[in-house]
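# Chain and residue survey
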Amino acid sequence: MTIQILIVDDESSNRQTLKRVLSREGYVVSTAENAAFALAQVRQNPPELMLTDIKMPGMDGIELLKQAKKVHPLLEVIVMTAYGTVEQAVEAMKEGAWDFIAKPIKRAELIRAVRKALEKQALSQENRALRSALERSMNMSWVYRSPSMQMLTEEAKQIADSEANVMILGESGTGKGRLAKWIHQCSNRHNGPFITVNCGAIPEALIESELFGHEKGAFTGASSTRQGRFELANHGILFLDEFTEMPIQLQVKLLRVLQDGEFERIGGQNTIKVDVRVLAASNRQPLEAVQAGHLREDLYYRLNVIQLQIPALRNRKDDIPLLVHHFMAVHADRNRRQPKSLSQDAMTALLQWDWPGNVRELENAIERALILSKTEDISLEDLPASIRAHSPQSDCLTFVVGTPLKLIEREMIEATLMMVDGDKAQAAALLGITQRTIYRKEAEWKGDK
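The structure reproduced in this document is the subject of the present report. Quick caveat: nothing in here was measured; it's all calculated off a predicted structure.

Pro-104 follows Lys-103 through a cis peptide bond whose omega is -5 degrees. Inspection of the secondary structure puts Pro-104 in the loop between strand S5 (99–102) and helix H5 (107–138). Backbone geometry places His-235, a non-glycine residue, at a positive phi of 70 degrees. On the secondary structure map, His-235 appears in the loop between helix H9 (229–232) and strand S8 (237–241). Positive phi values are uncommon outside glycine, yet Trp-355 reaches one of about 55 degrees. Relative to the helices and strands, Trp-355 resides in the loop between helix H14 (344–352) and helix H15 (358–372).

What follows covers the packing of helix H13 (residues 320–334) against H15. For the pair H13 and H15, interaxial distance at closest approach is 9 Å and the crossing angle is 50 degrees. Comparing the axis directions of H13 and H15 gives the class oblique. Considering the relative orientation of H13 and H15, their crossing is right-handed. Two secondary-structure elements touch here, H13 through Ile-320, Leu-323, Val-324, Phe-327, Met-328, His-331, Ala-332 and Arg-334 and H15 through Val-359, Leu-362, Glu-363, Ile-366, Glu-367 and Leu-370. Looking at the contact of H13 with H15 residue by residue, the class counts come to 10 nonpolar, one polar and three charged.

At a minimum axis separation of 10 Å, H13 and H14 run at an interaxial angle of 120 degrees. Here H14 runs oblique to H13, going by the angle between their axes. In this structure, H13 meets H14 at a crossing whose hand is right-handed. Contacts between H13 and H14 pair Ile-320, Pro-321 and Val-324 from the former with Met-347, Leu-350 and Leu-351 from the latter. Among the residues making up the contact of H13 with H14, the classes are represented as six nonpolar, no polar and no charged.

Bringing the pairing of S8 into the picture now. Among the five residues that make up S8, five are buried, leaving the element largely enclosed by the rest of the structure. Of the two faces of S8, the one carrying Ile-237, Phe-239 and Asp-241 and the one carrying Leu-238 and Leu-240 are both buried. Across five bridges, the pairing between strand S7 (residues 194–198) and S8 is parallel. For Asn-198, the partnering residue across the bridge sits in S8 and is Asp-241. Judged from the five bridges that link them, S8 and strand S11 (residues 277–282) form a sheet pairing that is parallel.

Time to look at the sheet that holds S11. Taken in spatial order, the five strands make up an open sheet running S7-S8-S11-S6-S12, and their pairing is parallel. Where the open sheet ends on each side, the last strands, each with one partner, are S7 and strand S12 (306–309). Averaged over all adjacent pairs, the angle separating strand axes in this sheet is 20 degrees, with direction ignored. Where strand S6 (residues 166–169) meets S11, four bridges bridge the pair, whose relative direction is parallel. Paired with Leu-169 across the two strands is Ser-282, which belongs to S11.

We now examine a nonpolar patch on the surface. Taken together, Met-412, Leu-430, Leu-431 and Ile-433 make up a surface patch of nonpolar side chains, about 280 Å² in accessible area. When you line up the elements, Met-412 lands in helix H17 (residues 405–419).

Let's shift gears to the packing of aromatic side chains. Scanning the model with the defined rule gives five aromatic pairs in all. Between Phe-212 and Phe-263, the ring centres sit 5.4 Å apart and the planes meet at 50 degrees, which makes this aromatic pair tilted. Taken together, the positions of Phe-212 in helix H8 (residues 204–212) and Phe-263 in strand S9 (residues 262–263) put the pair 51 residues apart, joining distant regions of the chain. In this pair, the class of Phe-212 matches that of Phe-263, namely buried. Taken together, a centroid distance of 6.2 Å and an interplanar angle of 50 degrees make the contact between Phe-230 and Phe-263 tilted. Taken as a pair, Phe-230 in helix H9 and Phe-263 in strand S9 lie far apart in primary sequence, 33 residues in all.

What counts, and at which threshold
- Residues numbered from 1 in each chain as written.
- Predicted model: local features only at pLDDT ≥ 70, side-chain atom pairs only at ≥ 80, totals over all residues.
- Heavy atoms only, no water.
- Helix = DSSP H or I, 4+ residues; strand = E, 2+ residues; numbered from the N terminus.
- Axes fitted to C-alpha atoms, helices over the stretch in contact; angles between N-to-C directions.
- Parallel < 35°, antiparallel > 145°, perpendicular 65-115°, else oblique.
- Left-handed = near helix turned anticlockwise from the far one by under 90°.
- Contact = heavy atoms within 4.5 Å.
- Nonpolar A, V, L, I, M, F, W, Y, C, P; charged D, E, K, R; others polar.
- Buried < 20%, exposed > 50% of the residue type's maximum accessible area, 1.4 Å probe, protein only.
- Pairing = 2+ DSSP bridges.
- Patch = residues over 30% accessible without salt bridge, like charges linked within 9 Å, V, L, I, M, F, W, Y side chains within 5 Å.
- Areas by Shrake-Rupley, 256 points an atom, 1.4 Å probe, with all protein chains shown as cover.
- Salt bridge = Lys/Arg side-chain N within 4 Å of Asp/Glu carboxyl O.
- Phe/Tyr/Trp six-rings, centres within 6.5 Å; stacked < 30°, edge-to-face > 60°.

Structure representation (C-alpha coordinates):
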(Lines give C-alpha, C1' and ligand atoms only; values in the text may rest on other atoms or scores of the structure.)
Protein backbone atom coordinates (compact mmCIF):
# COMPACT_ATOMS: atom_id res chain seq x y z
CA MET A 1 0.00 0.00 0.00
CA THR A 2 1.34 3.44 -0.96
CA ILE A 3 1.46 5.91 1.94
CA GLN A 4 1.11 9.57 0.96
CA ILE A 5 2.47 12.34 3.17
CA LEU A 6 1.93 16.08 2.70
CA ILE A 7 4.53 18.53 4.06
CA VAL A 8 3.41 22.12 4.60
CA ASP A 9 6.10 24.74 5.33
CA ASP A 10 6.75 28.22 3.98
CA GLU A 11 10.53 27.59 3.96
CA SER A 12 11.62 25.76 0.82
CA SER A 13 14.76 24.28 2.40
CA ASN A 14 12.74 22.70 5.20
CA ARG A 15 10.23 21.20 2.75
CA GLN A 16 12.94 19.67 0.59
CA THR A 17 14.90 18.28 3.53
CA LEU A 18 11.84 16.61 5.03
CA LYS A 19 10.77 15.30 1.62
CA ARG A 20 14.19 13.76 1.00
CA VAL A 21 14.25 12.02 4.41
CA LEU A 22 10.72 10.58 4.14
CA SER A 23 11.07 9.59 0.47
CA ARG A 24 14.04 7.45 1.44
CA GLU A 25 11.75 5.66 3.90
CA GLY A 26 9.49 4.63 1.01
CA TYR A 27 6.71 7.21 1.42
CA VAL A 28 5.19 9.21 -1.44
CA VAL A 29 5.75 12.82 -0.41
CA SER A 30 4.20 16.02 -1.75
CA THR A 31 4.77 19.56 -0.49
CA ALA A 32 2.87 22.83 -0.13
CA GLU A 33 4.29 26.27 0.63
CA ASN A 34 1.15 27.61 2.31
CA ALA A 35 -2.11 26.50 3.91
CA ALA A 36 -4.30 27.38 0.91
CA PHE A 37 -2.30 25.17 -1.42
CA ALA A 38 -2.28 22.41 1.22
CA LEU A 39 -6.08 22.46 1.59
CA ALA A 40 -6.45 22.17 -2.19
CA GLN A 41 -4.29 19.02 -2.13
CA VAL A 42 -6.23 17.56 0.80
CA ARG A 43 -9.47 18.00 -1.15
CA GLN A 44 -8.15 16.61 -4.46
CA ASN A 45 -5.88 13.80 -3.27
CA PRO A 46 -6.16 13.22 0.49
CA PRO A 47 -2.89 12.06 2.07
CA GLU A 48 -2.67 9.67 5.01
CA LEU A 49 -0.53 12.13 7.01
CA MET A 50 0.16 15.88 6.99
CA LEU A 51 3.14 17.57 8.63
CA THR A 52 2.56 21.30 8.96
CA ASP A 53 4.50 24.22 10.37
CA ILE A 54 2.58 26.41 12.82
CA LYS A 55 4.07 29.82 12.00
CA MET A 56 3.22 30.58 8.35
CA PRO A 57 2.07 33.73 6.50
CA GLY A 58 -1.71 33.94 6.15
CA MET A 59 -3.47 30.91 7.60
CA ASP A 60 -1.32 29.34 10.34
CA GLY A 61 -0.86 25.64 11.06
CA ILE A 62 -3.53 25.50 13.78
CA GLU A 63 -6.21 26.87 11.47
CA LEU A 64 -4.99 24.60 8.65
CA LEU A 65 -5.36 21.66 11.02
CA LYS A 66 -8.97 22.60 11.76
CA GLN A 67 -9.89 23.09 8.11
CA ALA A 68 -8.12 19.93 6.92
CA LYS A 69 -9.90 17.82 9.56
CA LYS A 70 -13.25 19.15 8.30
CA VAL A 71 -12.38 18.06 4.76
CA HIS A 72 -10.75 14.75 5.72
CA PRO A 73 -11.63 13.69 9.32
CA LEU A 74 -9.38 10.61 9.15
CA LEU A 75 -6.27 12.65 8.30
CA GLU A 76 -3.46 12.36 10.84
CA VAL A 77 -1.54 15.59 11.50
CA ILE A 78 1.84 16.32 13.07
CA VAL A 79 2.61 19.99 13.77
CA MET A 80 6.13 21.45 13.57
CA THR A 81 7.41 24.68 15.05
CA ALA A 82 10.60 26.44 15.97
CA TYR A 83 8.93 29.29 17.75
CA GLY A 84 5.72 27.83 19.13
CA THR A 85 4.96 27.72 22.77
CA VAL A 86 3.72 24.85 24.89
CA GLU A 87 0.27 26.45 24.74
CA GLN A 88 0.27 26.22 20.93
CA ALA A 89 1.24 22.55 21.05
CA VAL A 90 -1.56 21.83 23.54
CA GLU A 91 -4.03 23.69 21.33
CA ALA A 92 -2.94 21.66 18.32
CA MET A 93 -3.43 18.40 20.22
CA LYS A 94 -6.90 19.52 21.32
CA GLU A 95 -7.80 20.21 17.69
CA GLY A 96 -6.87 16.66 16.72
CA ALA A 97 -3.13 16.69 16.00
CA TRP A 98 -1.47 13.35 16.66
CA ASP A 99 1.86 14.82 17.82
CA PHE A 100 4.14 17.84 17.60
CA ILE A 101 7.89 18.09 16.98
CA ALA A 102 10.19 21.03 17.48
CA LYS A 103 12.63 22.45 14.95
CA PRO A 104 15.41 21.80 14.20
CA ILE A 105 13.95 18.38 13.49
CA LYS A 106 16.10 15.32 14.10
CA ARG A 107 15.83 12.56 11.52
CA ALA A 108 15.20 9.76 14.04
CA GLU A 109 12.57 11.81 15.87
CA LEU A 110 10.80 12.63 12.60
CA ILE A 111 10.70 9.01 11.40
CA ARG A 112 9.52 7.78 14.80
CA ALA A 113 6.70 10.34 14.95
CA VAL A 114 5.60 9.55 11.38
CA ARG A 115 5.56 5.80 11.99
CA LYS A 116 3.57 6.17 15.22
CA ALA A 117 1.00 8.42 13.52
CA LEU A 118 0.59 6.00 10.62
CA GLU A 119 0.31 3.02 12.98
CA LYS A 120 -2.43 4.85 14.88
CA GLN A 121 -4.27 5.60 11.64
CA ALA A 122 -3.98 1.98 10.46
CA LEU A 123 -5.32 0.79 13.80
CA SER A 124 -8.24 3.22 13.59
CA GLN A 125 -9.07 2.07 10.07
CA GLU A 126 -8.91 -1.57 11.14
CA ASN A 127 -11.17 -0.87 14.12
CA ARG A 128 -13.72 0.83 11.86
CA ALA A 129 -13.62 -2.12 9.47
CA LEU A 130 -14.00 -4.53 12.37
CA ARG A 131 -16.96 -2.63 13.81
CA SER A 132 -18.62 -2.62 10.40
CA ALA A 133 -18.05 -6.34 9.89
CA LEU A 134 -19.09 -7.03 13.47
CA GLU A 135 -22.37 -5.15 13.03
CA ARG A 136 -23.11 -7.12 9.87
CA SER A 137 -22.30 -10.47 11.43
CA MET A 138 -24.01 -9.77 14.77
CA ASN A 139 -27.24 -9.17 12.91
CA MET A 140 -27.11 -12.92 12.46
CA SER A 141 -25.64 -13.65 15.94
CA TRP A 142 -22.55 -15.11 14.31
CA VAL A 143 -19.15 -13.34 14.20
CA TYR A 144 -17.16 -13.94 11.00
CA ARG A 145 -15.82 -12.44 7.81
CA SER A 146 -13.73 -15.26 6.30
CA PRO A 147 -14.91 -16.89 3.04
CA SER A 148 -15.18 -20.33 4.66
CA MET A 149 -17.52 -19.02 7.37
CA GLN A 150 -19.54 -17.06 4.83
CA MET A 151 -20.14 -20.29 2.88
CA LEU A 152 -21.06 -22.17 6.07
CA THR A 153 -23.48 -19.45 7.17
CA GLU A 154 -25.19 -19.32 3.79
CA GLU A 155 -25.64 -23.09 3.82
CA ALA A 156 -26.95 -23.06 7.40
CA LYS A 157 -29.36 -20.25 6.57
CA GLN A 158 -30.66 -22.17 3.56
CA ILE A 159 -31.48 -25.30 5.59
CA ALA A 160 -32.64 -23.55 8.78
CA ASP A 161 -36.34 -23.40 7.88
CA SER A 162 -36.48 -27.03 6.77
CA GLU A 163 -37.44 -29.99 8.97
CA ALA A 164 -34.30 -32.00 8.15
CA ASN A 165 -32.08 -33.34 10.90
CA VAL A 166 -28.63 -31.73 10.84
CA MET A 167 -25.24 -33.05 11.87
CA ILE A 168 -22.78 -30.34 12.95
CA LEU A 169 -19.14 -31.40 13.03
CA GLY A 170 -16.06 -29.53 14.22
CA GLU A 171 -13.26 -29.54 16.76
CA SER A 172 -13.91 -28.63 20.38
CA GLY A 173 -14.35 -24.91 20.81
CA THR A 174 -15.34 -24.10 17.22
CA GLY A 175 -18.87 -23.07 18.16
CA LYS A 176 -21.10 -26.03 17.31
CA GLY A 177 -23.60 -25.11 20.01
CA ARG A 178 -23.69 -21.48 18.88
CA LEU A 179 -24.39 -22.57 15.30
CA ALA A 180 -27.18 -24.86 16.50
CA LYS A 181 -28.81 -21.97 18.39
CA TRP A 182 -28.49 -19.75 15.32
CA ILE A 183 -30.25 -22.38 13.18
CA HIS A 184 -33.03 -22.50 15.77
CA GLN A 185 -33.40 -18.69 15.66
CA CYS A 186 -33.68 -18.79 11.85
CA SER A 187 -36.03 -21.79 11.72
CA ASN A 188 -39.82 -22.06 11.65
CA ARG A 189 -39.52 -23.44 15.19
CA HIS A 190 -37.93 -20.29 16.67
CA ASN A 191 -40.96 -19.77 18.94
CA GLY A 192 -40.57 -23.31 20.29
CA PRO A 193 -38.05 -24.54 22.87
CA PHE A 194 -34.36 -25.17 22.20
CA ILE A 195 -33.22 -27.97 24.52
CA THR A 196 -29.60 -29.13 24.83
CA VAL A 197 -28.30 -32.50 25.98
CA ASN A 198 -24.55 -33.09 26.35
CA CYS A 199 -24.38 -36.82 25.78
CA GLY A 200 -20.76 -37.01 26.91
CA ALA A 201 -21.34 -35.27 30.25
CA ILE A 202 -24.26 -37.35 31.58
CA PRO A 203 -23.49 -40.67 33.34
CA GLU A 204 -24.52 -43.69 31.29
CA ALA A 205 -26.98 -44.81 33.97
CA LEU A 206 -28.87 -41.50 33.80
CA ILE A 207 -28.86 -40.53 30.15
CA GLU A 208 -31.94 -42.59 29.21
CA SER A 209 -33.94 -40.85 31.92
CA GLU A 210 -32.60 -37.46 30.77
CA LEU A 211 -33.74 -38.07 27.21
CA PHE A 212 -37.02 -39.93 27.72
CA GLY A 213 -38.04 -39.27 31.32
CA HIS A 214 -39.32 -41.79 33.86
CA GLU A 215 -42.42 -42.70 35.84
CA LYS A 216 -42.65 -42.53 39.61
CA GLY A 217 -41.12 -45.65 41.15
CA ALA A 218 -39.44 -46.76 37.91
CA PHE A 219 -36.16 -47.21 39.78
CA THR A 220 -34.63 -46.46 43.16
CA GLY A 221 -34.74 -42.72 43.72
CA ALA A 222 -37.51 -42.05 41.18
CA SER A 223 -39.79 -40.37 43.71
CA SER A 224 -41.88 -38.58 41.09
CA THR A 225 -42.69 -38.66 37.40
CA ARG A 226 -40.19 -36.71 35.30
CA GLN A 227 -40.40 -35.46 31.73
CA GLY A 228 -37.40 -36.12 29.51
CA ARG A 229 -35.69 -33.72 27.11
CA PHE A 230 -37.68 -35.00 24.12
CA GLU A 231 -40.94 -34.02 25.80
CA LEU A 232 -39.52 -30.65 26.83
CA ALA A 233 -38.42 -30.03 23.24
CA ASN A 234 -41.85 -30.79 21.73
CA HIS A 235 -42.58 -28.41 18.79
CA GLY A 236 -39.01 -27.16 19.02
CA ILE A 237 -35.44 -28.37 18.54
CA LEU A 238 -33.39 -30.86 20.56
CA PHE A 239 -29.62 -30.39 20.31
CA LEU A 240 -27.67 -33.60 20.99
CA ASP A 241 -24.13 -32.42 21.71
CA GLU A 242 -21.36 -35.04 21.43
CA PHE A 243 -23.92 -37.61 20.27
CA THR A 244 -21.17 -40.12 19.38
CA GLU A 245 -20.68 -40.63 23.15
CA MET A 246 -24.22 -41.99 23.59
CA PRO A 247 -24.35 -45.60 24.90
CA ILE A 248 -24.87 -48.06 22.04
CA GLN A 249 -27.86 -49.78 23.73
CA LEU A 250 -29.73 -46.47 23.97
CA GLN A 251 -29.30 -45.69 20.28
CA VAL A 252 -32.10 -48.09 19.25
CA LYS A 253 -34.63 -46.12 21.30
CA LEU A 254 -33.32 -42.84 19.86
CA LEU A 255 -33.64 -44.25 16.33
CA ARG A 256 -37.31 -45.08 16.99
CA VAL A 257 -38.04 -41.48 18.05
CA LEU A 258 -36.36 -40.14 14.93
CA GLN A 259 -38.32 -42.52 12.69
CA ASP A 260 -41.75 -42.53 14.35
CA GLY A 261 -41.76 -39.59 16.76
CA GLU A 262 -42.79 -41.74 19.72
CA PHE A 263 -41.33 -43.38 22.85
CA GLU A 264 -42.21 -44.52 26.39
CA ARG A 265 -40.80 -43.15 29.61
CA ILE A 266 -38.74 -45.51 31.76
CA GLY A 267 -41.23 -47.63 33.68
CA GLY A 268 -44.13 -46.27 31.64
CA GLN A 269 -46.73 -48.06 29.51
CA ASN A 270 -48.17 -45.14 27.55
CA THR A 271 -46.67 -44.19 24.21
CA ILE A 272 -45.83 -40.49 23.99
CA LYS A 273 -45.76 -38.76 20.61
CA VAL A 274 -43.60 -35.67 20.03
CA ASP A 275 -42.80 -33.30 17.18
CA VAL A 276 -39.10 -32.60 17.55
CA ARG A 277 -36.37 -31.63 15.09
CA VAL A 278 -32.93 -32.94 16.06
CA LEU A 279 -29.57 -31.25 15.59
CA ALA A 280 -26.61 -33.43 16.54
CA ALA A 281 -22.98 -32.37 17.03
CA SER A 282 -19.66 -34.11 17.57
CA ASN A 283 -15.96 -33.26 17.70
CA ARG A 284 -15.24 -36.77 16.37
CA GLN A 285 -15.72 -38.06 12.85
CA PRO A 286 -18.96 -40.10 13.17
CA LEU A 287 -17.94 -42.65 10.54
CA GLU A 288 -14.92 -43.52 12.68
CA ALA A 289 -17.31 -44.12 15.60
CA VAL A 290 -19.41 -46.34 13.31
CA GLN A 291 -16.34 -48.36 12.28
CA ALA A 292 -15.27 -48.68 15.92
CA GLY A 293 -18.71 -50.02 16.87
CA HIS A 294 -19.62 -47.03 19.07
CA LEU A 295 -22.32 -45.64 16.77
CA ARG A 296 -25.04 -47.52 14.91
CA GLU A 297 -24.80 -47.07 11.17
CA ASP A 298 -28.57 -46.67 10.73
CA LEU A 299 -28.61 -43.93 13.40
CA TYR A 300 -25.73 -42.18 11.65
CA TYR A 301 -27.64 -42.00 8.37
CA ARG A 302 -30.85 -40.93 10.15
CA LEU A 303 -29.03 -37.98 11.77
CA ASN A 304 -26.82 -37.16 8.80
CA VAL A 305 -29.50 -35.79 6.47
CA ILE A 306 -27.51 -32.54 6.19
CA GLN A 307 -23.94 -32.15 7.43
CA LEU A 308 -22.31 -28.84 8.38
CA GLN A 309 -18.55 -28.74 9.06
CA ILE A 310 -17.28 -25.77 11.09
CA PRO A 311 -13.66 -24.96 10.15
CA ALA A 312 -11.02 -24.84 12.86
CA LEU A 313 -9.86 -21.35 13.84
CA ARG A 314 -6.39 -22.05 12.43
CA ASN A 315 -8.08 -22.40 9.02
CA ARG A 316 -10.04 -19.14 9.30
CA LYS A 317 -7.49 -16.71 10.71
CA ASP A 318 -9.10 -13.82 8.83
CA ASP A 319 -11.71 -13.93 11.59
CA ILE A 320 -9.27 -13.50 14.49
CA PRO A 321 -9.13 -9.65 14.52
CA LEU A 322 -12.92 -9.47 14.35
CA LEU A 323 -13.34 -12.05 17.11
CA VAL A 324 -10.78 -10.20 19.26
CA HIS A 325 -12.75 -6.96 18.81
CA HIS A 326 -15.98 -8.75 19.71
CA PHE A 327 -14.64 -10.56 22.78
CA MET A 328 -12.92 -7.39 24.00
CA ALA A 329 -16.24 -5.53 23.99
CA VAL A 330 -18.14 -8.41 25.60
CA HIS A 331 -15.68 -9.03 28.43
CA ALA A 332 -14.88 -5.38 29.07
CA ASP A 333 -18.56 -4.88 29.81
CA ARG A 334 -18.86 -8.10 31.85
CA ASN A 335 -15.74 -7.41 33.92
CA ARG A 336 -16.28 -3.65 34.33
CA ARG A 337 -13.17 -2.75 32.34
CA GLN A 338 -12.45 -0.35 29.51
CA PRO A 339 -11.83 -2.06 26.14
CA LYS A 340 -8.16 -2.05 25.11
CA SER A 341 -6.29 -2.26 21.82
CA LEU A 342 -3.68 -4.92 21.12
CA SER A 343 -0.07 -4.11 20.33
CA GLN A 344 1.25 -5.22 16.96
CA ASP A 345 3.36 -7.96 18.61
CA ALA A 346 0.33 -9.28 20.50
CA MET A 347 -1.88 -9.41 17.41
CA THR A 348 0.91 -11.06 15.40
CA ALA A 349 1.23 -13.73 18.10
CA LEU A 350 -2.53 -14.38 18.01
CA LEU A 351 -2.44 -14.73 14.23
CA GLN A 352 0.50 -17.16 14.32
CA TRP A 353 -0.86 -19.44 17.07
CA ASP A 354 -2.64 -22.61 15.85
CA TRP A 355 -5.47 -22.44 18.45
CA PRO A 356 -5.99 -26.08 19.46
CA GLY A 357 -8.89 -24.87 21.61
CA ASN A 358 -10.28 -22.78 18.73
CA VAL A 359 -12.65 -19.86 19.37
CA ARG A 360 -13.20 -20.82 23.01
CA GLU A 361 -9.43 -20.65 23.63
CA LEU A 362 -9.22 -17.25 21.91
CA GLU A 363 -12.06 -15.88 24.00
CA ASN A 364 -10.39 -17.06 27.21
CA ALA A 365 -7.07 -15.52 26.13
CA ILE A 366 -8.67 -12.13 25.47
CA GLU A 367 -10.60 -12.07 28.75
CA ARG A 368 -7.45 -13.04 30.67
CA ALA A 369 -5.34 -10.38 28.94
CA LEU A 370 -7.97 -7.68 29.50
CA ILE A 371 -8.15 -8.41 33.23
CA LEU A 372 -4.40 -8.80 33.87
CA SER A 373 -3.04 -6.05 31.61
CA LYS A 374 -1.65 -3.09 33.57
CA THR A 375 -0.94 -0.85 30.57
CA GLU A 376 -3.06 1.13 28.12
CA ASP A 377 -2.69 -1.51 25.41
CA ILE A 378 -2.53 -5.31 25.67
CA SER A 379 1.05 -6.40 25.03
CA LEU A 380 2.61 -9.73 24.16
CA GLU A 381 3.45 -10.25 27.85
CA ASP A 382 -0.26 -10.16 28.73
CA LEU A 383 -1.05 -13.24 26.61
CA PRO A 384 -0.97 -16.84 27.91
CA ALA A 385 2.47 -18.48 28.13
CA SER A 386 1.68 -21.04 25.43
CA ILE A 387 1.04 -18.26 22.90
CA ARG A 388 4.05 -16.19 23.98
CA ALA A 389 6.31 -19.23 23.62
CA HIS A 390 5.46 -19.47 19.92
CA SER A 391 5.55 -15.74 19.15
CA PRO A 392 8.16 -14.24 16.79
CA GLN A 393 9.95 -12.65 19.77
CA SER A 394 10.47 -16.06 21.35
CA ASP A 395 12.81 -16.91 18.46
CA CYS A 396 15.27 -14.18 19.49
CA LEU A 397 18.35 -15.52 21.34
CA THR A 398 19.99 -13.32 23.94
CA PHE A 399 23.39 -15.05 23.80
CA VAL A 400 26.14 -14.29 21.27
CA VAL A 401 28.44 -16.46 19.19
CA GLY A 402 31.08 -17.99 21.44
CA THR A 403 28.81 -18.40 24.47
CA PRO A 404 29.64 -21.70 26.25
CA LEU A 405 27.12 -24.44 25.44
CA LYS A 406 26.47 -24.98 29.15
CA LEU A 407 25.18 -21.40 29.49
CA ILE A 408 23.11 -21.66 26.29
CA GLU A 409 21.53 -24.88 27.54
CA ARG A 410 20.63 -23.28 30.87
CA GLU A 411 19.18 -20.16 29.24
CA MET A 412 17.02 -22.18 26.84
CA ILE A 413 15.68 -24.44 29.61
CA GLU A 414 14.94 -21.52 31.94
CA ALA A 415 13.34 -19.46 29.17
CA THR A 416 11.11 -22.38 28.17
CA LEU A 417 10.08 -22.98 31.79
CA MET A 418 9.18 -19.31 32.12
CA MET A 419 7.06 -19.45 28.95
CA VAL A 420 5.04 -22.41 30.26
CA ASP A 421 4.67 -21.04 33.80
CA GLY A 422 7.03 -23.65 35.28
CA ASP A 423 5.27 -26.72 33.83
CA LYS A 424 8.21 -29.12 33.53
CA ALA A 425 6.24 -31.71 31.54
CA GLN A 426 5.31 -29.14 28.89
CA ALA A 427 8.80 -27.63 28.87
CA ALA A 428 10.36 -31.07 28.41
CA ALA A 429 8.01 -31.82 25.52
CA LEU A 430 8.88 -28.53 23.81
CA LEU A 431 12.63 -29.07 24.25
CA GLY A 432 12.57 -32.76 23.29
CA ILE A 433 14.06 -33.92 26.60
CA THR A 434 12.74 -35.73 29.68
CA GLN A 435 11.47 -34.12 32.89
CA ARG A 436 14.24 -36.00 34.70
CA THR A 437 16.80 -34.09 32.63
CA ILE A 438 15.31 -30.76 33.74
CA TYR A 439 15.37 -31.78 37.43
CA ARG A 440 18.98 -32.97 37.05
CA LYS A 441 20.07 -29.74 35.37
CA GLU A 442 18.40 -27.60 38.05
CA ALA A 443 20.26 -29.57 40.73
CA GLU A 444 23.55 -28.96 38.89
CA TRP A 445 22.84 -25.22 38.68
CA LYS A 446 22.19 -25.05 42.42
CA GLY A 447 25.52 -26.79 42.99
CA ASP A 448 27.30 -24.20 40.86
CA LYS A 449 26.22 -21.34 43.13
